[in-house]
Structures are given as C-alpha cells and as structure tokens.
Amino acid sequence: MAKSIEKYRRANDLSRVELAKKLKCAPSYIGHMERGIRKPDPETAIEWEKRTGIGRHIFRPDLWGEAA
C-alpha cells in the first residue's frame with residue numbers, strides 16, 4: 001500500500017499536508033499509510049474515493065489491486 005499512496009501523492013505534486021486536507025485526516029496518518037503502519041478500513045477508502053475522486057485502490061491495493 002505504501003507505494004500506491006506515496007506514488008499518487010508525488011505524481012500529483014501534493015504534500016502530505018495537502019493530501020490530508022483533501023481526505024480530512026491528520027498528515028501523520030498519510031505518513032503512516034506511506035510507511036505501511038496503518039491503512040484505512042474499506043469503508044473509509046470508499047468514502048475518500050467518493051469525496052475526492054482518488055480511486056479506492058490507491059488507499060487499499062491489497063483489497064482492490066493497483067488499478068481497480
């Protein structure tokens with residue numbers, strides 16, 4: 001998972017703070033996701049996708065693959 005979220009963030013020229021604002025979460029949570037320490041539950045990933053348009057597979061490739 002870490003590679004997907006970090007790859008997305010860098011490809012879209014977003015800082016952790018900017019991405020956290022979009023997702024309405026703490027910047028530290030973004031860092032934890034990038035390091036593989038935490039991952040959002042499936043419902044949260046789906047909600048983030050609806051709110052931001054960022055595919056749920058970015059947050060949980062372990063559930064939906066790299067390009068679901």
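Up top is the structure.
As a starting point, this report considers the structure included with it. (Residues numbered from 1 in each chain as written. Predicted model: local features only at pLDDT ≥ 70, side-chain atom pairs only at ≥ 80, totals over all residues. Heavy atoms only, no water.)

### Points about helix α2 (residues 16-23)
Of the positions making up α2, those classed as buried are L19, A20 and L23. Take α2 and look down its axis: the buried residues cluster within an arc of 100 degrees, on one side only. Within two residues after α2, K24 carries a phi angle of roughly 60 degrees, on the positive side. (Buried < 20%, exposed > 50% of the residue type's maximum accessible area, 1.4 Å probe, protein only. Helix = DSSP H or I, 4+ residues; strand = E, 2+ residues; numbered from the N terminus. Arc of directions from axis to C-beta.)

### Describing the side chain of S4
Mapped onto the elements of the fold, S4 is located in helix α1 (residues 2-11). Note on S4: relative accessible area 6%, which makes it buried. In this view, S4 contacts H57, I58, P61 and E66; residues no more than four positions away in its chain are not counted. (Contact = heavy atoms within 4.5 Å.)

### Here we look at the side chain of R60
Its location among the elements puts R60 in the loop between α5 (56-59) and α6 (61-64). Within the structure, the side chain of R60 is placed 2.6 Å from the backbone oxygen of P40, a separation counted as a polar contact. (Polar contact = N/O pair within 3.5 Å; in protein donor to acceptor, adjacent residues only side chain to side chain.)

### So, unusual backbone geometry
The phi torsion at D13 lies on the positive side, around 50 degrees, for a residue other than glycine. Mapping D13 onto the fold places it in the loop between α1 and α2. With a relative accessible area of 69%, D13 lands in the exposed category.

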